[in-house]
Amino acid sequence: MTDHNDIGKCIQKYLDEIEAHLNQPHSQKSEVLQNVEAHIRDALARRSEENPNLDDLEAVIAEMDAPESYGERPPAKQLGPVMKPLIYVAVVLTAILGIWLVSTVRKGSTTSDSPPLIGQSKLDALSDLGTPTLVGGPEDGYQTYHYAGRGLDVVFNDGKIVQYAIRTNCTLKTDTGVGIGADMSEVTRAYGQYKRTEEVTEWFGGNVSRVLYHHKEFDRYKINYPDSDLIFMFDCSKKVELIMVGYIFPVEKDTEP
Amino acid sequence: MMNTWITQLRKGLIEYCVMKRLSKGESYGYEIVQRLKEMDELVITESIVYPILSRLRKEGYLKVRAVKSPDGPPRRYYDLTSLGNNRVKEMDTYWKDLCRSVAQLDEKKGTEE
């Protein structure tokens, strides 16, 4: 007779392996895992209504997808050293493409119809977004596809999208509905008020959470929201002109009171 | 090349089929997967369906009702929201138009011959 604990442990091991391959926000991960566990319990109940044993469980899992089917393992959250160059490259390209000049154009939302970009494979991205207008890298394992017409830059690591930047002409919005052209007050309402302002001279320095950075020479602003993996950049009239999604920040403690 | 074409075609269709199934009434993960597995041409498995269910719920097309289970996690019953119902109608219209247009290509070819 099989101990229920043994079955529970085996199910948990399978779920742990799946979790390691899921590259989704926590709430969605949890939902997928609950569905998989319920799926196993349903399949077990069909196979053996009374006292299913480990053989039954093995047979059920053998018929299910391998954990790898749920996606490649997400990259480790230690991207600090490459983030500054990536942000720099994205911003410089943005400037080259001249989007500063038309930064307050606001488009309608297509968020709900858009594919979830983070975690998408390169093949899928090419299928959904088409051929990029410019390819950057690979450098340190990262490659950037620039879609000038769409106002979108996507960054790949291990063949999956790990970050992307939304620029003017892009109709994508954040999960709370903030898009290009939104006022700074919309951003702070959705993601939290900044604690203080700070002048920077480097383009574009400052990685502390919820500090309003201002670059005097370019008259541009930036706020980091590491909890949401977001960076917002604003033009001189404090309208959003660039959103970086999925950026993982180097740890930098705020030394200010 | 044929395989690539089929893979690309399946991708969007699976989401459509998940929503079509739910347009007939609420259902839970295992049942949805078993029903869609019957469509041999699409090769649908749970690792495809569950992330789609989760994403569609997050996007507001689905709502979920959790029912307690004596052992294991609650069973999650999914149903379309009004937004989801509208989306299925739009998908239906697009799909019918697409099929009609493709069929017309054959008809035109027939008349030319």
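So, here is what we can say about the structure in this document. (Residues numbered from 1 in each chain as written. Chains lettered and ligands numbered in written order. Predicted model: local features only at pLDDT ≥ 70, side-chain atom pairs only at ≥ 80, totals over all residues. Heavy atoms only, no water.)

**Regarding the overall build of chain B**
A count of helical and extended segments in chain B gives 4 helices and 3 strands. Ordered by position from the N terminus, the helices and strands of chain B form the series α-β-α-α-β-β-α. Within chain B, the proportion of its 113 residues that are buried is 38%. Long-range contacts, defined as pairs at least 24 residues apart, comprise 49% of the intrachain contacts of chain B with a sequence gap of at least 6. Roughly 7000 Å² of accessible area belongs to chain B as shown, and the carbon and sulfur atoms make up 54% of that amount. (Helix = DSSP H or I, 4+ residues; strand = E, 2+ residues; numbered from the N terminus. Buried < 20%, exposed > 50% of the residue type's maximum accessible area, 1.4 Å probe, protein only. Contact = heavy atoms within 4.5 Å. Areas by Shrake-Rupley, 256 points an atom, 1.4 Å probe, with all protein chains shown as cover.)

**Overview of the interface of chain B and chain A**
Taken together, the 26 residues of chain B in the interface contact 28 residues of chain A. Between chain B and chain A, roughly 2500 Å² of surface is buried when both sides are summed, and carbon and sulfur atoms account for 47% of that area. Counting the surface chain B buries against chain A, the share from its top three residues, Tyr30(B), Glu46(B) and Tyr50(B), is 25%. At the boundary of chain B and chain A, one finds 10 residue pairs in polar contact (both at pLDDT 80 or more). When contributions to the side of chain B that touches chain A are tallied by element, the ones reaching two or more residues are helix H1 (2–22), helix H2 (29–37), helix H3 (46–58) and strand S3 (75–80) of chain B. Looking at the side of chain B that touches chain A, the element that brings in the most residues is H3(B), giving 9 residues. (Buried area = accessible area lost by both parts, 1.4 Å probe. Polar contact = N/O pair within 3.5 Å; in protein donor to acceptor, adjacent residues only side chain to side chain.)

**Quick notes on the layout of surface pockets**
Reported here for the second largest pocket is a volume of approximately 380 Å³. Along the wall of the second largest pocket there are 19 residues; nearest its centre are Arg41(A), Asp42(A), Ala45(A), Ser69(B) and Asp71(B). Listed by contribution, the elements that provide at least two residues to the lining of the second largest pocket are helix H1 (4–21) and helix H2 (26–47) of chain A. The leading source of residues in the lining of the second largest pocket is H2(A), at 5 residues. Partitioned by chemical class, the residues of the lining of the second largest pocket number 8 nonpolar, 5 polar and 6 charged. (1 Å grid on protein atoms, 1.4 Å probe; cavity = no way out; pocket = protein on both sides within 12 Å on 5 of 7 lines; lining within 4 Å. Points joined across faces, edges and corners; volume = space filled by probe spheres on them. Nonpolar A, V, L, I, M, F, W, Y, C, P; charged D, E, K, R; others polar.)

**A word on the sheet that holds strand S1 (residues 27–28) of chain B**
Spatially, S1-S3-S2 (chain B) is the arrangement adopted by the 3 strands of the open sheet, whose pairing is antiparallel. Each having just a single partner strand, S1 and strand S2 (62–67) of chain B make up the two edges of the open sheet. By the bridge criterion, 2 bridges tie S1(B) to S3(B) in an arrangement that is antiparallel. Bridge pairing in S3(B) links Ser27(B) to Tyr78(B). Packed on one face of the sheet, H2(A) meets S1 and S3 of chain B and runs near 115 degrees to S3(B). (Pairing = 2+ DSSP bridges. Axes fitted to C-alpha atoms, helices over the stretch in contact; angles between N-to-C directions.)

**Section: the environment of Tyr28(B)**
Tracing the backbone through its elements, the reader meets Tyr28(B) in strand S1. With a relative accessible area of 16%, Tyr28(B) lands in the buried category. In this structure the C-alpha to C-alpha distance between Tyr28(B) and Arg76(B), which are 48 residues apart in sequence, comes to 5.6 Å. Discounting chain neighbours no more than four positions away, the residues touching Tyr28(B) are Asp42(A), Arg75(B), Arg76(B) and Tyr77(B).

Such coordinate-based values are descriptive only and should not be taken to indicate function.
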